[in-house]
Amino acid sequence: MLDLKQSKSILARLLSQENVTVIHSAEAKTASFDLKDRTLICPIWQDMDGSLYDLMMGHETGHALYTPMEGWHDAVTENDMNKFKPILNVVEDARIEKKQKQKYPGLRRSFYQAYSELMRRDFFGINKVPGVMDHLNVVDRINLHFKVGSMLNVPFTEQEQEFVSRIENVEEWDDVVAISKELYAYSKENEGDKINNMQELKDVIEQMQDFLNDEENEDLIPDVDSLSMESPDEEEKEKGDSEGGEEDSDDDVDSDSDTGGEGEETETEEPSAEEIEEKLNEIVQKIKQAPKEENQEDQVSSVTDQVFREKEKELIEDEKHPTLYLDLPEADLSKIILPFRETYDDFNQAMHQCLQDFNRSMQNWYKSDGREYTPISLESVGADLLSSFNRKNKRYISLMIKNFEMHKNANQYARERVSKTGDLDMRKLHKYKMTNDIFRKVTTVDKGKSHGMVLFLDLSGSMKSQFGESMEQILVLAAFCKMINLPFEVYGFCNMHSRASNRYFKRLDDKFITTPNSFFFEDYHSFHLKELISSNMSLNEYRKAFNMLLMVGNLTNTYNRGNLTKDQKIKYCNLELNAEAAGFGMYSTPFEQTSVASIKIIENFRKKYKNDIVNVVYVSDGDGNGDVYHSGVYNIKKRVSAYGKNKVVLREKNSNEKVVCIKNSHGGTDVQASITALVKKVTGVQHIGFYLVGSSFRHCKYKIGEEKYSGVSRLYRENGFVELPSMGYDSYYFINPAGKETNLYLDDSDKKDSRKMAKKFMKSQGDKHASRAVLSNFAKQVAT
């Protein structure tokens, strides 16, 4: 920051063409120029980049060059300062900024970038309520026109446009004073129904937000019933190829479209633009008719300028707890991504050794019992698990396809444009006496958007208890993408060495390029991303990858085989794949490293497939390690998450995008959620998280928030999942792994007890309902 202050101080002197005094003061609340003492006073700003500094410096030095001290003093003392100064300030700002950009053309880009950023941060107070700009007085609309007019279509009457044209061409100070006096008189005479002060604007925004909130669904959680779909026909024929899957989904549409349609119609629609405008007019009229204080009766001010000055205070640095600015390190993917063939070689070798030992053991056992044993092979195990996977998940994948295509078709319908050709339609010609609609029509459909998906699977040690369910979730999404020809890539993130990673990467080179301003990761040399499966694979590789993940998910832990059928549990009870030997050893959770590396992965994915829409999906059971550090004072290493009172700003230097770090419920900095939010901002893609809840939902309270936890936990208990924005994601699904589909096995005791039978049946139906709701909502999200 010191270098930036010094360089901008020099810039101020150069722009003003004199040796003005530049003071950076912690007590200053806004930038200003003392015309008498020739002093530029700047606050200690935080979160300020070069363009914002250029705007402040360029603006204030414009006053130094063009605003006469005596003229300004006379203008604001001869008139009532409170009434006249705001208008004079708006007109003079327009004049000096125009002259500065004419004199220093390089400031044009800085002014545009800075005002764009300030507009995004709502520095003019008009972003919260649509249409409020039309109800501002002419002074405010002129202020917006000259500062951010290229981003807004500011409305003016014919008489008001004359003022705008005069201000655009104003050159001399005396003309500024004359136009300001006329604007004051015009506004007093014609704009009694406009918003003229800060209190009126605050009242309008507050009442409009209440109206908008009332119109929308009060719950942040989607209504589960509105997402439900009837189960597809269980008698449908199984087809192995992708065409069969699509045909299945088409068949399902007829049987389920009514239910889905009704569910969607029950959702509360957002108010239309006409309703918003009508309500806004009503609120403004009510506020203007209310009794006012005496000092407000004749006041004509610039509300947008006042909001701007108030917002400037947000940029003031806290000297006791200065802002910490950190850049993301840059990932070197060549040292991070382990190709599929390397992982498969380790798995193939370990699986063959496992089967060899298993077959030898089983053969001896059968031989001692006088029976003949048929050895099993890798191919037979893979085929068996694949057949079970298809029987269990085919209907749900078809449901996802149906929902995806339904919402995609709805978007396509919305893009249709019908126009008349000018040629007579002979089939309608007999109606010419009753209607003018006798011409042929042509329907034009704008090109649809292409989709893609990048998935990341947590391969940490805490995933062992639900690793099978996690892997099945990934494979369901992969099969969904494959059947509709959606490009996709799946990576597993871990930080444990394997034979393949040692062999491929060879040396423990730095995987992230850092600068003095970057944060860095501790002990990340073992971190890597395993390429698990992708749409870019050949058919043979795809089958190998799919079977590998099925076996890794179901055979690496004998205590967690919930995805196997009853017969498979008996058949493979003594078959356990050595996870470490297979290259799937689990340790901790390098979530933050994965998020930083995902920026380049997403960029490369979009370049490869030319996708309009990319969805990034994470499947995990918790937080990252939090091993994000920076070199603090005296180069003492400090964990970034430990900063509670300090404001931490993360920046991605290539795009210059920034986020202010989120604070967690413990008073520290939530680095993982902040990095996710920044990656989402840099890449511009939707991020969806699947959080696999363990034995208790209570430890998710800090992710959800104290005030929402009670209602969210109730929905979670009732439905087996909840979905809401959290952790920096667009959508975050909290899923109960125990709520997966239940195979309805009934033993003799169950068949004798009707209550037990009913209980098991209702449990299985409830689990299927939750699964359908999650998949239906997810398919809708990725389609739009």
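Before reading further, recall that the structure is shown in the block above.
Here's a quick rundown of the structure. Keep in mind it's a predicted model, so treat the numbers as computed, not measured. The written sequence of each chain sets the order in which its residues are numbered from 1. Residue-level local features of this predicted model are given only where pLDDT is at least 70; pairs of side-chain atoms are given and counted only at 80 or more, and the full residue set underlies all totals for whole chains, interfaces and linings. Computation of side-chain values covers all heavy atoms of the structure but excludes hydrogens and water.

### Some details on the overall build of the protein
Piece 1. The helix and strand tally for the protein stands at 25 helices and 23 strands.
Piece 2. Counting only residues that meet the buried cut, the protein has 51% of its 784 residues in that class.
Piece 3. Within the protein, counting contacts between residues at least 6 apart in sequence, those at least 24 apart form 75% of the total.
Piece 4. Residue exposure ignores everything except the shown protein chains as possible cover, and the areas themselves are Shrake-Rupley values with a 1.4 Å probe. Total accessible area on the protein is roughly 38,400 Å²; 47% of this is exposed by carbon and sulfur atoms. Helix numbering and strand numbering both begin at the N terminus, where a helix is a DSSP run of H or I of at least 4 residues and a strand a DSSP run of E of at least 2. Here the term buried applies to any residue with accessible area under 20% of the maximum for its type, exposed to any over 50%, and partly exposed to those in between, with areas from a 1.4 Å probe on protein chains only. Contact between two residues is taken to exist if any of their heavy atoms lie within 4.5 Å; hydrogens are not considered.

### Examining the sheet that holds strand S23 (residues 731-735)
Piece 1. Read across the sheet, eight strands follow the order S6-S13-S10-S9-S14-S21-S23-S22 without closing on themselves; strand pairing throughout is mixed. Each having just a single partner strand, strand S6 (337-338) and strand S22 (721-724) make up the two edges of the open sheet.
Piece 2. When DSSP finds two or more bridges between a pair of strands, those strands are recorded as paired. Note: strand S10 (residues 488-494) against strand S13 (residues 528-534), six bridges, orientation antiparallel. Within S13, the residue paired with Cys 494 across the bridge is His 528.
Piece 3. Against the sheet, helix H18 (residues 539-555) contacts S10 and S13, and its axis sits at roughly 115° relative to S13. Helix axes are fitted to C-alpha atoms over the stretch in contact, other axes to C-alpha atoms as well, and angles between N-to-C directions run from 0 to 180 degrees.

### Focus: helix H20 (residues 591-609)
Piece 1. Given the number of residues in a helix, its expected span is that number minus one, multiplied by 1.5 Å. Given a rise of 1.5 Å per residue, 19 residues ought to cover 27 Å, and the 26 Å separating the end C-alpha atoms of H20 matches this to within 8%.
Piece 2. Here the bend at a residue is taken as the angle between two axes, fitted respectively to the seven residues that end there and the seven that start there. The sharpest bend along H20 comes to roughly 35°, located at Ser 598.
Piece 3. Of the positions making up H20, those classed as buried are Phe 591, Glu 592, Gln 593, Thr 594, Ser 595, Val 596, Ala 597, Ser 598, Ile 599, Ile 601, Ile 602 and Phe 605.
Piece 4. Once H20 finishes, Lys 610 follows within two positions and takes phi at roughly 55°, a positive value.

### Some words on the packing of helix H7 (residues 158-169) against helix H8 (residues 173-190)
Piece 1. Interaxial distance between H7 and H8 falls to 11 Å at its minimum, and their mutual angle equals 165°. In terms of their interaxial angle, H7 and H8 are classed as roughly antiparallel. Relative to H8, H7 is oriented so that their crossing is left-handed. Here Gln 159, Glu 160, Phe 163, Arg 166 and Ile 167 of H7 lie close against H8, whose contacting residues are Ile 179, Glu 182, Leu 183 and Tyr 186.
Piece 2. Classification convention: Asp, Glu, Lys, Arg as charged; Ala, Val, Leu, Ile, Met, Phe, Trp, Tyr, Cys, Pro as nonpolar; all other residues, Gly among them, as polar. Class assignment of the residues belonging to the contact of H7 with H8 gives a composition of five nonpolar, one polar and three charged. Angles below 35 degrees are treated as roughly parallel, those above 145 as roughly antiparallel, those between 65 and 115 as roughly perpendicular, and all remaining angles as oblique. Definitions for this section: a left-handed crossing has its near helix turned counterclockwise from the far helix by less than a right angle. A right-handed crossing has that turn clockwise.

### Quick look at the pattern of salt bridges
Piece 1. For this analysis, a salt bridge means a side-chain nitrogen from Lys or Arg found within 4 Å of a carboxyl oxygen belonging to Asp or Glu. Under the definition given, this model contains 23 salt bridges.
Piece 2. Between Glu 117 and Arg 121 there is a salt bridge; the shortest N-O distance is 2.8 Å.
Piece 3. Close ionic contact of Glu 489 with Lys 608 constitutes a salt bridge, the shortest N to O distance being 3.3 Å. Of this pair, Glu 489 sits in strand S10 while Lys 608 sits in helix H20, and the two are 119 residues apart along the sequence.
Piece 4. Classification of Glu 489 by relative accessible area gives buried; the value is 7%.
Piece 5. Shared partners join several salt bridges into a network, and the residues in it are Glu 342, Asp 346, Arg 499 and Arg 503.

### With respect to the environment of Phe 456
Piece 1. Mapped onto the fold, Phe 456 is located in strand S9 (residues 451-458).
Piece 2. Through-space distance from the C-alpha of Phe 456 to that of Lys 530 is 9.5 Å; in sequence the pair is 74 residues apart.
Piece 3. In this structure, Phe 456 is in contact with Tyr 491, Phe 493, Leu 529, Thr 594, Ser 598, Ile 601, Val 616, Val 617, Tyr 618 and Val 619, ignoring residues within four places of it in sequence.

### Re unusual backbone geometry
Piece 1. Its identity is not glycine, yet Asn 485 carries a phi of approximately 60°, on the positive side.
Piece 2. Phi is positive for Lys 610, which is not a glycine, with a value near 55°.
Piece 3. Take Lys 610: it is sitting in the loop between H20 and strand S14 (613-620).

### Quick notes on the packing of aromatic side chains
Piece 1. Centres within 6.5 Å make a pair out of two Phe, Tyr or Trp rings, where for Trp the six-membered ring is used; the pair is then stacked when the planes are under 30 degrees apart, edge-to-face when over 60, and tilted otherwise. Considering all chains together, one arrives at 28 aromatic pairs under this definition.
Piece 2. With 6.4 Å between their ring centres and 40° between their planes, Tyr 115 and Phe 124 make a pair best called tilted. By the burial criterion, Tyr 115 is buried, and Phe 124 matches it.
Piece 3. Between Tyr 729 and Tyr 732 the ring centres are 4.9 Å apart and the planes differ by 25°, which places this aromatic pair in the stacked class.
Piece 4. According to the relative accessible area criterion, Tyr 732 is buried, its value standing at 2%.

### Considerations on the pairing of S13
Piece 1. Of all seven residues making up S13, six are buried, and the element is well covered by its neighbours.
Piece 2. In this structure, S6 lies alongside S13, joined through two bridges in parallel fashion. Bridged to Ile 337 within S13 is Leu 529.

### Quick notes on the side chain of Ser 598
Piece 1. Structurally, Ser 598 can be placed in helix H20.
Piece 2. Taking the relative accessible area as the measure of exposure, Ser 598 reaches 1% and is therefore buried.
Piece 3. A polar side-chain atom of Ser 598 sits 2.5 Å from the main-chain carbonyl oxygen of Ser 595.
Piece 4. Setting aside residues no more than four positions away along its own chain, Ser 598 makes contact with Phe 456, Tyr 618 and Val 679. We define a polar contact as two N or O atoms separated by no more than 3.5 Å, with the added condition that, inside protein, one atom must be a possible hydrogen donor and the other a possible acceptor, whereas residues neighbouring each other in sequence contribute only through side-chain atom pairs.

### What to know about the sheet that holds strand S15 (residues 628-631)
Piece 1. Strand order across the open sheet formed by three strands is S12-S15-S16, with antiparallel pairing between neighbours. Looking at the sheet topology across the chains shown, the edges are occupied by strand S12 (520-521) and strand S16 (637-639).

### A closer look at the nonpolar core
Piece 1. We define the nonpolar core as a collection of buried residues of types Ala, Val, Leu, Ile, Met, Phe, Trp, Tyr and Cys that are connected through side-chain atoms lying within 4.5 Å of one another. Judged by nonpolar contacts, the single largest core of 68 residues is most densely connected at Phe 347, Phe 480 and Ile 533.
Piece 2. Here this core takes eleven residues from helix H16 (residues 467-483), the largest share from any one element.

### A few points about the pairing of S23
Piece 1. The buried count for S23 comes to five of five residues, which makes it a mostly enclosed element.
Piece 2. Residues Ser 731, Tyr 733 and Ile 735 line one face of S23 and the alternating positions Tyr 732 and Phe 734 line the opposite face, and both faces are buried.
Piece 3. For strand S21 (residues 686-692) and S23, the ladder comprises five bridges, and the chain directions are parallel. Residue pairing in the sheet places Ile 688 in a bridge with Ser 731 of S23.
Piece 4. The pairing of S22 with S23 spans four bridges and is classified as antiparallel. Paired with Glu 723 across the two strands is Tyr 733, which belongs to S23.

### Considerations on the packing of H20 against helix H21 (residues 671-683)
Piece 1. Following both chains from N to C, one finds H20 and H21 inclined at 10°, their axes separated by 9 Å at the closest point. With respect to their mutual orientation, H20 and H21 come out roughly parallel. In contact with Phe 591, Glu 592, Ser 595, Val 596, Ser 598, Ile 599, Ile 602 and Arg 606 of H20, H21 contributes Gln 672, Ile 675, Thr 676, Val 679, Val 682 and Thr 683.
Piece 2. Among the residues making up the contact of H20 with H21, the classes are represented as seven nonpolar, five polar and two charged.

### Re helix H6 (residues 138-148)
Three- or four-residue spacings in an α-helix give side chains the same orientation, since the helix completes a turn every 3.6 residues.
Piece 1. Counting buried positions along H6 yields nine of eleven residues, so the element is predominantly enclosed.
Piece 2. Looking at H6, one finds that the buried residues are Val 138, Val 139, Asp 140, Arg 141, Ile 142, Asn 143, Leu 144, Lys 147 and Val 148.
Piece 3. In this structure Asn 137 caps H6, since a side-chain oxygen of it lies 3.1 Å from the backbone nitrogen of Val 139.

Spatial relationships are all this shows, so hold off on functional conclusions.
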